[in-house]
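# Results of the structural survey
The chain contents come next:
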Amino acid sequence: MGYKVAVIGATGNVGREMLNILAEREFPADEVFAIASRKSMGVEVSYGDERLKCRDLETFDFRGIDFALMSAGSAIAKLWAPKIGGEGCVVIDNSSCWRYDQDVPLIVPEVNADAVVGFTKKNIIANPNCSTAQLVVVLKPLHDLATIKRVVVATYQSVSGAGKEAMDELWDQTKGIFTTQPAEPKAFTKQIAFNVIPHIDVFLDDGSTKEEWKMTVETKKILDPKIKVTATCVRVPVFVGHSEAVNIEFEDPITAAQARKVLREAPGVLVVDKREPGGYVTPVECVGDYATFVSRIREDQTVDNGLSLWIVSDNLRKGAALNTVQIAETIINRNLLDRAA
Ligand SMILES: NC(=O)c1ccc[n+]([C@@H]2O[C@H](COP(=O)([O-])OP(=O)(O)OC[C@H]3O[C@@H](n4cnc5c(N)ncnc54)[C@H](OP(=O)(O)O)[C@@H]3O)[C@@H](O)[C@H]2O)c1
């Protein structure tokens, strides 16, 4: 018997991608329900060759649903995840609401799949921030090889990471600038078209932003609490695909050749690293792909045991929807679902 799956936030960037990925990967679903806010009731979204009519979260009955794949923001997750989990449905949430709760596993299957068993405490599992997900997939095999001490990362994050309105803003501003109409910032604090903005999420007391804090805290929870991470998160005028320039300091010696070899064998990672013009991956090339791409792998001579590299991935896929579906698949493959409940 297949599974019953509810996709919450089905009209959004991540929700639509979750429906695509469930269909693409032939997730063993008997029934898939598209759920959004009341204003989207009846709106149709694609699931493979089918069109699903959106239902209203407020009135949907979650009894008998196996998985709720949720991407409707933190406020909705805070209110609804415990209620839905209480009905015996496993909630996998994309917002930051539950990520730091010690009774909620924060999972990237290539990195810490074993931790998924902890979901039974609240019936909630958290999906990490998009920038963290692609980072830890690459750090994991390197950490296993030479033990990472410290990571310095600068992100180049696409506007789709801020939702569908943010994508419209980049589109409208870009067109507006060509037709000499003023570029009004709404979703962003400053003009995003032809610009970059070193500010994602709110500022914290120490001058960092919450997005930067998330990368530190989530890497520790998923990979190893001993790893130090400092991040600078920047929004760039790219529609889809987050990039990261990463510098890593290790306990043990490691060469670029050793890193390249271990990354070539790592799950979810694709190395594209030719030292010639175009021999690296840029965001436009990663769109629609499952892989996290690594390029520009080189030794950093300014520290002991240092490497620098470039990471690119589709933030709506590995950074959100793909990882969510992989978590559900992990639960199924490990027979962790209590379907009698
Ligand atoms: N985009 C990324 O790269 C990324 C990565 C990781 C995590 N996330 C997280 O995933 C979540 C969604 O992101 P997104 O980019 O998909 O946002 P989005 O494009 O703005 O979509 C938001 C979705 O939430 C639904 N929603 C809003 N209020 C609702 C309500 N009261 N009841 C039911 N549904 C409601 C919306 O439905 P309506 O259309 O009916 O309003 C829409 O389907 C956020 O928490 C975000 O932080 C995003």
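So, a few notes on the structure that sits alongside this text. Just so it is clear, the model here is predicted, and its values are computed rather than measured. (Residues numbered from 1 in each chain as written. Predicted model: local features only at pLDDT ≥ 70, side-chain atom pairs only at ≥ 80, totals over all residues. Heavy atoms only, no water.)

Broken down by element type, the protein carries 9 helices and 14 strands. In terms of overall dimensions, the protein is globule-like: its C-alpha atoms have a radius of gyration of 20 Å, near the 20 Å expected for 341 residues. Across its three principal directions, the C-alpha atoms of the protein cover 60 × 55 × 40 Å. Sorting the 341 residues of the protein into buried and exposed places 55% on the buried side. In the protein, the proportion of contacts linking residues at least 24 apart, taken out of those at least 6 apart, comes to 68%. In the structure as shown, the protein presents an accessible area of about 15500 Å², 51% of it carried by carbon and sulfur atoms. In the protein, the 39 positive side-chain charges and the 46 negative ones have mean positions that sit 1 Å from each other. (Helix = DSSP H or I, 4+ residues; strand = E, 2+ residues; numbered from the N terminus. Rg over C-alpha atoms; globule rule 2.2 N^0.38 Å. Buried < 20%, exposed > 50% of the residue type's maximum accessible area, 1.4 Å probe, protein only. Contact = heavy atoms within 4.5 Å. Areas by Shrake-Rupley, 256 points an atom, 1.4 Å probe, with all protein chains shown as cover. Lys, Arg positive; Asp, Glu negative; His and termini not counted. Charge placed at Lys NZ, Arg CZ, Asp CG, Glu CD.)

Contact pair helix α4 (residues 130-146) / helix α7 (residues 256-264): the axes reach a minimum separation of 9 Å and the direction vectors enclose 125°. In this view, α4 runs oblique relative to α7, as classed from their interaxial angle. Here α4 runs over α7; the crossing is right-handed. Only Gln 258, Ala 259, Val 262 and Leu 263 of α7 make contact with α4, whose side of the interface consists of Val 138, Pro 141, Leu 142 and Leu 145. Along the lines of polarity and charge, the residues of the contact of α4 with α7 split into 7 nonpolar, 1 polar and no charged. (Axes fitted to C-alpha atoms, helices over the stretch in contact; angles between N-to-C directions. Parallel < 35°, antiparallel > 145°, perpendicular 65-115°, else oblique. Left-handed = near helix turned anticlockwise from the far one by under 90°. Nonpolar A, V, L, I, M, F, W, Y, C, P; charged D, E, K, R; others polar.)

Another point: the nonpolar core. In this structure, Phe 62, Ile 84, Leu 142, Val 151, Ile 248, Leu 263 and Leu 309 are the most contacted members of the largest nonpolar core, which totals 58 residues. Tallying contributions element by element places α4 first for this core, with 8 residues. What Val 151 contacts, discounting residues up to four positions off in sequence, is Leu 139, Ile 227, Lys 228, Val 229, Thr 230, Val 246, Asn 247 and Ile 248. In this structure, Ile 21, Val 90, Ile 92 and Ala 193 belong to the second largest nonpolar core, which totals 43 residues. (Core = buried A, V, L, I, M, F, W, Y, C linked by side-chain atoms within 4.5 Å.)

Below, the discussion takes up the sheet that holds strand β11 (residues 242-250). Read from one edge to the other, the open sheet built from 6 strands follows the order β10-β9-β11-β14-β13-β12, with strand pairing classed as mixed. Here the strands that pair on one side only, and so sit at the sheet edges, are β10 (228-235) and β12 (269-271). Averaged over all pairs of adjacent strands, the angle between their axes in this sheet comes to 25°, without regard to strand direction. As judged from the 7 bridges shared by strand β13 (residues 292-300) and strand β14 (residues 306-313), these two strands associate in the antiparallel manner. The residue bridging Glu 299 from the neighbouring strand is Leu 307, located in β14. Here α4 sits on the sheet and contacts β9 (148-157), β11, β12, β13 and β14; the angle it forms with β11, its principal contact strand, is near 30°. Of the strands in this sheet, β9, β10 and β11 touch helix α6 (residues 210-222), which is tilted by about 140° from β10. (Pairing = 2+ DSSP bridges.)

We now examine the pattern of salt bridges. Tallied over the entire structure, the rule returns 20 salt bridges. Note that Glu 24 is salt-bridged to Arg 317, the shortest N-O span being 2.7 Å. One end of the pair, Glu 24, is in helix α1 (residues 13-24); the other, Arg 317, is in helix α9 (residues 317-333), and 293 residues separate them in sequence. The class for Glu 24 is partly exposed, based on a relative accessible area of 45%. A salt bridge links Glu 249 to Arg 150; the shortest N-O distance between them is 3.8 Å. You can see Glu 249 sitting in strand β11 and its partner Arg 150 sitting in strand β9, a full 99 residues away along the chain. Among the residues examined, Glu 249 registers a relative accessible area of 18% and is labelled buried. (Salt bridge = Lys/Arg side-chain N within 4 Å of Asp/Glu carboxyl O.)

Attention now moves to the site of the ligand. Of all residues adjacent to the ligand, which total 26 residues, the nearest are Thr 11, Val 14, Ser 37, Lys 39 and Ser 40. At a separation of 3.0 Å, an oxygen atom of the ligand approaches a polar backbone atom of Gly 12. Between the ligand and Ser 40 there is a distance of 2.5 Å, counted from an oxygen atom to a side-chain nitrogen or oxygen. When isolated, the ligand has an accessible area of 900 Å², and the protein chains bury 80% of it. At the level of secondary structure, the elements contributing two or more residues to the shell around the ligand comprise α1 and α9. In terms of residue class, the shell around the ligand is built from 9 nonpolar, 15 polar and 2 charged. (Near = heavy atom within 4 Å. Polar contact = N/O pair within 3.5 Å; in protein donor to acceptor, adjacent residues only side chain to side chain.)

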